[in-house]
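Below are the chains, spelled out letter by letter.
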Amino acid sequence: MEHPENSSEYAGLTVNSGVEQPSIVNPYLKKMRKKRQKFLNADEYVEGILKGDVSVLSQAVTLVESVLPEHQAIAQEVIEKCLPFSGNSVRVGISGVPGAGKSTSIDAFGIHLLNNYEGKLAVLAIDPSSEKTKGSILGDKTRMEKLSVHPLSFIRPSPTAGSLGGVARKTRETIILCEAAGYNHIFVETVGVGQSETACHSMVDFFLLIQLAGTGDELQGIKRGIMEIADGIAINKADGNNVDKANLAATQFRNALHLFPMPDSGVVPQVKCYSGFYELGIDEILKMIFDYIDIVKSNGYFQYRRNQQSKYWMYESINEQLRNGFYHHPDIKSLIPEMEKNVLGGKMTSFVAAHQLLTKYYDELKNR
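Note that the structure is a prediction, hence the values are computed from the model and not measured.

Participant: Break down the confidence of the model for the chain for me, citing the residues and quoting the values.
Facilitator: When pLDDT is averaged along the chain, the result is 84; 81% of the residues meet or exceed 70. When the criterion is pLDDT under 50, residues 129–138 qualifies, and its contacts beyond four places in sequence or with other chains add up to 16 contacts.

What follows is the structure, given as structure tokens:
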């Protein structure tokens, strides 16, 4: 723009055009966003995981948990390439009633384990998802103050997303990635809502049940059947005035365990007392776990259990694929609202509606 002050009649007066004003938007913001959105290919993920890169491992776990088809395709390729480097860890499942101190105990267990045993530790903490909003707090790290800053630990909170027993749908695949990254100890923390913990039991080598004394939960534990799959029971908060109650509860649990037949492992579950907050009796809990691992490795049950778990998850994967194929079929998706309306209007029973939907689905498959 030409300034009038620069005309000949204003001799001796010169006005410069000035400095161009910068944009109010950060010019580097777009570059930063592009950088964050960059996805690695399968080989780059595998290379980073095998090097023990925690950032790449976290990205790979996020990819595994994604429901997008394009993410799942890469995730499965990464898992297959990491599979030969997995299976070399001790997997421990930890469950218990809400408020039993699972996260605090894992913090104490983990620190003692890293100080007294060689290797690294990965903690897969499962957080309950809201039935209404489907969201999760994912705040287990706040109760693992020491482990969360330890250089040899990896803590990954994951939402349950409605999975059975409070175990995330992709936890087993995450275990494979963590083992490939060099983590030779894996802790899987479940929600502990009193539901069937079969899913967790079917992916770990040792299933630890954490209980509290004086809560009236002794019989509840027996009724739920969770004691039948527990490889060891730990009574938490055995400190101060609660020591006698904890010892009494331990005696009750030992007596209850005699009512069950001998486990397939050939090892009678032990009952120990400890305090996660004051870190008392932690070494005894770890010794119980590793003594069990040594016994089952020597008698062949360790590998037998791993083989059974692989077979179990093959069938679980089949069920999941069948369910997803049914609900994502375009004709079925368009027909479901109509069937729901008929059921709610009393025009059709639930069983008839389900039969018609399945018949429609099978007919579509035949006509392909």
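Participant: I'd like to hear about the layout of surface pockets, residue by residue, with values.
Facilitator: By volume, the second largest pocket amounts to about 570 Å³. For the lining of the second largest pocket, the secondary-structure elements that each account for two or more residues are α7 (198–201) and α11 (301–327). At six residues, α11 tops the list of elements feeding residues into the lining of the second largest pocket. The residue makeup of the lining of the second largest pocket, split by class, is 15 nonpolar, seven polar and four charged.

Participant: Give me the packing of aromatic side chains: which residues, what numbers.
Facilitator: For the structure on display, the rule yields ten aromatic pairs. For the pair Phe-206 and Tyr-292, a centre-to-centre distance of 5.1 Å together with 75° between the ring planes defines the contact as edge-to-face. Within this pair, whereas Phe-206 is found in strand β5 (residues 206–212), its partner Tyr-292 is found in helix α10 (residues 282–299), the two being separated by 86 residues in sequence. A relative accessible area of 3% places Tyr-292 in the buried class. Ring geometry for Phe-326 against Tyr-361: centres 5.3 Å apart, planes inclined by 80°, an arrangement best described as edge-to-face. Remark: Tyr-361 occurs in helix α13 (residues 350–366) and Phe-326 occurs in helix α11; sequence separation between them is 35 residues.

Participant: Which residues make up the nonpolar core, and what values do they have?
Facilitator: Core analysis: the largest hydrophobic core is formed by 48 residues, its most contacted members being Ile-49, Leu-57, Leu-177, Ile-233 and Ile-235. Those residues in contact with Ile-235 that sit more than four places away from it in its chain are Gln-211, Leu-212, Ala-213, Ala-246, Ala-250, Phe-253, Val-271, Lys-272, Cys-273 and Tyr-274. In terms of nonpolar packing, the next biggest core, distinct from the first, is built from 36 residues, Val-97, Ala-108, Val-123 and Val-267 among them.

Participant: Lay out the pairing of strand β7 (residues 270–273) in plain terms, naming residues and giving numbers.
Facilitator: Every second residue of β7 is oriented toward a common face, the buried set being Val-271 and Cys-273 and the non-buried set Gln-270 and Lys-272. In this sheet, β7 lies alongside strand β6 (residues 232–236) in parallel orientation, the contact comprising four bridges. Counterpart to Gly-232 in the pairing with β7 is Gln-270. In this fold, the crossover linking β6 to β7 by way of helix α9 (residues 243–257) has right-handed handedness.

Participant: How would you explain the side chain of Asn-342 if you had to name every residue and give the values?
Facilitator: Residue placement: Asn-342 occurs in helix α12 (residues 330–344). Among all residues touching Asn-342, those that are not within four sequence positions of it are Lys-347 and Met-348.

What counts, and where the lines are drawn
- Residues numbered from 1 in each chain as written.
- Predicted model: local features only at pLDDT ≥ 70, side-chain atom pairs only at ≥ 80, totals over all residues.
- Heavy atoms only, no water.
- pLDDT = per-residue confidence, 0-100.
- Contact = heavy atoms within 4.5 Å.
- 1 Å grid on protein atoms, 1.4 Å probe; cavity = no way out; pocket = protein on both sides within 12 Å on 5 of 7 lines; lining within 4 Å.
- Points joined across faces, edges and corners; volume = space filled by probe spheres on them.
- Helix = DSSP H or I, 4+ residues; strand = E, 2+ residues; numbered from the N terminus.
- Nonpolar A, V, L, I, M, F, W, Y, C, P; charged D, E, K, R; others polar.
- Phe/Tyr/Trp six-rings, centres within 6.5 Å; stacked < 30°, edge-to-face > 60°.
- Buried < 20%, exposed > 50% of the residue type's maximum accessible area, 1.4 Å probe, protein only.
- Core = buried A, V, L, I, M, F, W, Y, C linked by side-chain atoms within 4.5 Å.
- Pairing = 2+ DSSP bridges.
- Right-handed = clockwise from strand over helix to strand, strands pointing away.

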